[in-house]
Amino acid sequence: MSQSVNNQSDVIIIGGGLMGASAAFFLRQRNRSVTLLETGLIGQQASGVNFGNVRRQGRPLFQLPLAGRASPIWRNMNALLGEDVEYIQSGHMRVCYRERAELADSFETYAREARQYGLDLEILSGNALRQKFPFLGPDVYAGSYSATDGHANPRLAAPAFGRAAARLGGNICENTEVVRAEKDGVDFRVTAKDGRVFKAPVLLVTAGAWANALSEQFGEPVPLTPRGPNMSVTEPVPYTLMPTVGVSTPLEIETVYFRQIPRGNIIIGGSTRAASYPDIRRAYVKPENTLTQLREIRRLVPALGRLNIIRTWSGIEGYMPDSLPAMGPSGTTSGLYYAFGFSGSGFQVGPAVGDVMAELIDEGATTTPIEMYDIRRLKPVVV
Amino acid sequence: MAPRFYRLAETGRKVVNLTLDGQPVAALEGDTLMVALLSAHGHLRRSEFGDGPRAGFCLMGACQDCWVWTEDGERLRSCSTAVSDGLNIRTNPPEVSWSDVL
Amino acid sequence: MVGRALNTLKVVIIGAGPAGVRAAQTLVAAGVRPTVIDEGRRAGGQIYRRQPDNFTRSPETLYGTEASRAQGIHDTFDGLVDQIDYLPETLVWNISDGRVFAVSEKRETTIEYDALIICSGATDRLMPVKGWDMAGVYSLGGSQVALKSQAVSIGQRVIFMGTGPLLYLVASQYLKAGAGVVAVLDTSSFIKRVVAAPKLMSAPDALINGLKFTLALKAAGVPVLTGIRPLEITGDADSGVSGLIFETGAGERHEIKGDAVAMGYHLRPETQLADLTRCEFAFDEKSHLWYPKVDEDGRATTANVYLAGDGARILGARAAEVSGKLTALACLKDAGVSVSDNEIMALRQDMAGWKRFAAGLREAFPWPAEQAAKLPDETVVCRCEAITAGELRRTVNAMGAKEANRAKAFSRVGMGRCQGRYCALAGAEIIAAAAGIPVSEAGRLRGQAPVKPLPICIEDDEAAAAISTVRELTK
Ligand SMILES: Cc1cc2nc3c(=O)[nH]c(=O)nc-3n(C[C@H](O)[C@H](O)[C@H](O)COP(=O)(O)OP(=O)(O)OC[C@H]3O[C@@H](n4cnc5c(N)ncnc54)[C@H](O)[C@@H]3O)c2cc1C
Ligand SMILES: Cc1cc2nc3c(=O)[nH]c(=O)nc-3n(C[C@H](O)[C@H](O)[C@H](O)COP(=O)(O)OP(=O)(O)OC[C@H]3O[C@@H](n4cnc5c(N)ncnc54)[C@H](O)[C@@H]3O)c2cc1C
Ligand code: FES
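Residues numbered from 1 in each chain as written. Chains lettered and ligands numbered in written order. Predicted model: local features only at pLDDT ≥ 70, side-chain atom pairs only at ≥ 80, totals over all residues. Heavy atoms only, no water.

*Asks:* I keep staring at the site of ligand 2 and nothing clicks. Help me out?
*Replies:* Residues in contact with ligand 2 amount to 34 residues; listed here are only the nearest, D38, Q46, Q144, L169 and D310 of chain C. In this structure, ligand 2 is bordered by residues of chains B and C. In the environment of ligand 2, an oxygen atom lies 2.6 Å from a nitrogen or oxygen atom belonging to the side chain of D38 of chain C. Between an oxygen atom of ligand 2 and a main-chain N or O atom of C119 of chain C, the distance comes to 3.4 Å. Its free accessible area being 970 Å², ligand 2 has 90% of it covered by the protein chains. Secondary-structure elements contributing two or more residues to the shell around ligand 2 are helix 1 (18-29), strand 4 (91-96), strand 8 (122-124), helix 4 (140-150), helix 5 (165-177) and helix 9 (317-334) of chain C. Residue contributions to the shell around ligand 2 peak at 3 residues, all from helix 4 of chain C. Residues that form the shell around ligand 2 fall into these classes: 17 nonpolar, 13 polar and 4 charged. Counting the residues that make up the shell around ligand 2, at least three belong to each of domain 1 (6-123 + 268-361) and domain 2 (126-265) of chain C. (Near = heavy atom within 4 Å. Polar contact = N/O pair within 3.5 Å; in protein donor to acceptor, adjacent residues only side chain to side chain. Areas by Shrake-Rupley, 256 points an atom, 1.4 Å probe, with all protein chains shown as cover. Helix = DSSP H or I, 4+ residues; strand = E, 2+ residues; numbered from the N terminus. Nonpolar A, V, L, I, M, F, W, Y, C, P; charged D, E, K, R; others polar. Domains from an automatic or database assignment.)

Structure representation (structure tokens):
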């Protein structure tokens, strides 16, 4: 049977989100044979429904090398993949409100430190802020502007990686849910729900919010909480809001961010995240969270009050207690690697995660620091 | 441009005055904004994606094809909005960008 | 819900068409005070839509043979107004955790319910044709609304095209009102009607009315052609429609002139609200429609959710009245009220008759699914986003999207303002044809709130309070 040919490869990847699909692509570029197993379709979960923010600023400083590695990939992605993923370097603006003026100081500090990582930020307040961004509401006090951040279309990015990986000879298996993974001598033995078995000496788990079910099988359970951020989108209106703007605040209910795409629609995210349901692969928007989100977007850009939203959605994202992913080699099993738990900010770093994991698997080491994401730092929740 | 809609009855109603792209339009009390505009004009707006003028489709608030702009940057669904005196409507987004006015 | 005192039972009815009105009446008679929410300014729903207060046409002019039924619904509703909580001009935009989220005058009203009866009705079912995105093309229902509630015609020389009983009804209403009717072009062939006649006989008066409309049109010299295939609505971008090119059953090509086209292929249910309550759906092979699953009396698969009228099954206005009543009785029964089994049996029997009649209509005026595969690539499928059949096919062929939601994610078909109401059904046929799969496998677009555009400036006291509470706590 042809299956016996196909079911052995150098690397098996479980989970076809942006992490898994880009890892498959970069592994193929390094000439490793790859089998990517995905329960549903490539990029249908968090990677396909997220807000689309491709921003570096605001990430912990130690994450900037990883984020910086993603930037050139995003910029060249259309050429790299041969498909348009609608990336635009629109600029990204992080703002704080007057009542939290102290955050402006932290913007300054962050900007100073981020410069060492090649991220140039411009701090704006007063007239300079109003002149550059006349649409911001009166409560906005100061902002940190990153000219080299942007946004892309999440519905297209991961599937484009998947198709590009397939064109390079990757074995992309959609509608393939993995139920068991174990190490059997030199090979990992991975069993799908329908009984198919796949084997490889290297296993990479990029199973997003579902990853605990797999890491657990190797004695490494993780405290992953599935949550669903709220998204809305407006009707199309003339394209005038170039940069992505997000509010920095410690209060989740107050957080809000938006981006406008050249077609005209404005995508809005933020406010209280709801529970989400990995078991049924669905996340539902709670209407009350839409209502608080709309209230807060009016505070950020009052003129948006004139428009209407035409659609809302959410997605399933796995959150770690420290908001950092599990990324790197397993602590228990050689040949096993993880890259999951990106806690609401994995889209921008996604392509770099794939690139780094491919490098790590191919060369045994990576030039990008990832020690802080070691799975061994995490203690499972005691239920 | 020729009007799109033609009145067949109920023409004895009170006149209501509005403006469409700066031109006066005489409507009748009880008209929806859509009927008022299309009884005087051929379309309501232009498709955002360049495929020409649009004049609504369903008249029952389902297709959302009939949204128009007011002079001060508001959006109205014309098939389910009653006309009122002094409405100032545009078939194109206002010149001052809709996002500039706070 | 069981054991609740009836006067504290919170039943919300969405929709004040024939189904909603009869449901409300039945609940009130049992001692319940339901909340009735309707988006329209006046109750009556689609077919018995009322004209504005200052209009003077008689019910006979407006509703023809259905005048007394219309009056019946309006009078019943007017008589109920003091015994219900009526929220007109209020749109239900989402449903979650036993609460209905509604907006009126840019203000949010959130209402808890013990039971929810959704009577959301139907809208026109459309198959795209090249040029249907031009100004001057209207849905058949829309052209009727223009006449019924505004006393205008959509043009001076109107071409009626599509299939279904509404095609002949609206064309004859236009004729009677003095509008110019150029032609009636039906995609279904006459022989289908003959074959369906026995089923149509289950509602002889409706059948006879239908025949009368056709005769009146023919008597007035309006060409009535069956078995046609529309090829293109002609015109130019600036002035809109100028005519229609079609092919006859015999394969001849014709062009007719007109300044407006009214088109529709019978109706599709408005099921977004049912979807938001997370009801299960099933594909109906005969009509190529996805319907929410309901039991014989209208119970949906979600607890305490009931569906009646055309929003549950396209069975027509008279069936909507019956199912409104039946569903309200089911709701009462589930609340522990003793209801007459005989009455339920009789209503179920009525419904069976209407189902038979509807099956006849479906066979006489079938959805022309086969047209989808023949649409030229440049035909706009999604009017909202101006996406063509070619672009949709590309997502199937080049990007592997063989399912409606996937194709929507890649192509934007179904992502526009209308939430897929006018493109989803034809879109699924195009996907299925391109992928070589049955249309049921192409699936259906999942409903997403808001059901219709929601103003960002919506005011909500609870949202304001939630935010300020959090702010206070952290000060
Ligand atoms: C609504 C929302 C908004 C967001 N906004 C942003 C943003 O603006 N910017 C940003 O940087 N990040 C954002 N994020 C986060 C970002 O989307 C995620 O961090 C990122 O997409 C995670 O990618 P992933 O590949 O790890 O996970 P996923 O995309 O969820 O992929 C995991 C895949 O694994 C598959 N899988 C799981 N278990 C199995 C199994 N047993 N067998 C086979 N397959 C399996 C799943 O089906 C899934 O497809 C947002 C997330 C959400 C939900
Ligand atoms: C345009 C059109 C014209 C028709 N004309 C005829 C005709 O001439 N003759 C004929 O026999 N049949 C006609 N039909 C079919 C007929 O309308 C239906 O069979 C009948 O009206 C069904 O009754 P109903 O109560 O199920 O729904 P409807 O009468 O459609 O009532 C549904 C009600 O629900 C309300 N509603 C829906 N969603 C929401 C929401 N989210 N929030 C608040 N309110 C909501 C609507 O405003 C509406 O009033 C027509 C249908 C359409 C669509
Ligand atoms: S014409 Fe369809 S919503 Fe107004």
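More follows now that the structure is in view.
*Asks:* What exactly am I supposed to notice about the domain arrangement of chain C here?
*Replies:* Where the parts come together, the accessible area they lose is often given as the size of the interface. All names here are of chain C. Looking at chain C, the domain boundaries give domain 1 (6-123 + 268-361), domain 2 (126-265) and domain 3 (371-442). Distance from the C-alpha centre of domain 1 to the C-alpha centre of domain 3: 31 Å. Facing the 9 residues of domain 1 at the interface are 6 residues of domain 3. Both faces considered, domain 1 and domain 3 share a buried interface measuring about 670 Å² in area, 58% of it formed by carbon and sulfur atoms. Seen at the junction of domain 1 and domain 3, the total is 1 salt bridge. The partner of E270 in a salt bridge is R421, and the shortest N-O contact between them spans 2.9 Å. (Contact = heavy atoms within 4.5 Å. Buried area = accessible area lost by both parts, 1.4 Å probe. Salt bridge = Lys/Arg side-chain N within 4 Å of Asp/Glu carboxyl O.)

*Asks:* Whenever I open this one, the interface of chain A and chain C confuses me. Can you help?
*Replies:* Counting residues at the interface gives 47 residues for chain A and 40 residues for chain C. Summed over both partners, the interface of chain A with chain C comes to about 3,700 Å²; 55% of that surface belongs to carbon and sulfur atoms. On the chain A side of the interface with chain C, the three residues burying the most area are R155, L291 and R311 of chain A, jointly 18% of the side's total. Across the pair R295 of chain A and E459 of chain C runs a salt bridge whose closest N-O atoms are separated by 3.2 Å.

*Asks:* Whenever I open this one, the interface of chain B and chain C confuses me. Can you help?
*Replies:* Taken residue by residue, the interface counts 39 residues in chain B and 51 residues in chain C. When chain B packs against chain C, the two sides together hide about 3,600 Å² of surface, and 54% of this comes from carbon and sulfur. Counting every contact that joins chain B to chain C gives 6 salt bridges. Note that E39 of chain C is salt-bridged to R77 of chain B, the shortest N-O span being 3.2 Å. Taken together, the elements giving at least two residues each to the side of chain B that touches chain C come down to strand 1 (6-7), helix 1 (33-38), strand 4 (45-46), strand 5 (53-54) and strand 7 (75-77) of chain B. Top contributing element to the side of chain B that touches chain C by residue count: helix 1 of chain B, with 3 residues. Residues belonging to the side of chain B that touches chain C are distributed by class as follows: 18 nonpolar, 6 polar and 15 charged.

*Asks:* Any chance you could explain helix 8 (residues 154-167) of chain A here in plain terms?
*Replies:* Residues spaced three or four apart along an α-helix point in a common direction, a consequence of the helix completing one turn every 3.6 residues. All names here are of chain A. Over its 14 residues, helix 8 runs 20 Å from end to end, which matches the ideal 20 Å to within 8%, given 1.5 Å per residue. Among the residues of helix 8, P154, R155, L156, A157, A158, P159, A160, F161, G162, R163, A164 and A165 are the ones counted as buried. Where helix 8 begins, the side chain of N153 points an oxygen toward the backbone nitrogen of R155, at a separation of 2.9 Å. In the segment just after helix 8, G169 is the residue with positive phi, at about 100°. (Expected span 1.5 Å × (residues − 1). Buried < 20%, exposed > 50% of the residue type's maximum accessible area, 1.4 Å probe, protein only.)

*Asks:* Would you mind going over the confidence of the model for chain C with me for this structure?
*Replies:* Detailed reading of the predicted model is not advised wherever pLDDT is low. Chain-level pLDDT for chain C is 96 on average; 100% of the residues reach the 70-or-more range. Across the interfaces of the predicted complex, the ipTM metric reaches 0.96, alongside a pTM of 0.96. (pLDDT = per-residue confidence, 0-100.)

*Asks:* Any chance you could explain the packing of helix 2 (residues 18-29) of chain A against helix 8 of chain A here in plain terms?
*Replies:* Relative orientation and spacing of two packed helices are given, respectively, by the angle between their axes and the distance between those axes. All names here are of chain A. Viewed as axis vectors pointing N to C, helix 2 and helix 8 meet at an angle of 30°, and their least axial separation amounts to 8 Å. When the axes of helix 2 and helix 8 are compared, the pair comes out roughly parallel. The handedness of the crossing between helix 2 and helix 8 is left-handed. Residues L18, A21, S22, A24, F25, F26 and R28 of helix 2 form the contact with helix 8, whose own contacting residues are A157, A158, F161, G162, A164 and A165. For the contact of helix 2 with helix 8, the class distribution of residues is 10 nonpolar, 2 polar and 1 charged. (Axes fitted to C-alpha atoms, helices over the stretch in contact; angles between N-to-C directions. Parallel < 35°, antiparallel > 145°, perpendicular 65-115°, else oblique. Left-handed = near helix turned anticlockwise from the far one by under 90°.)

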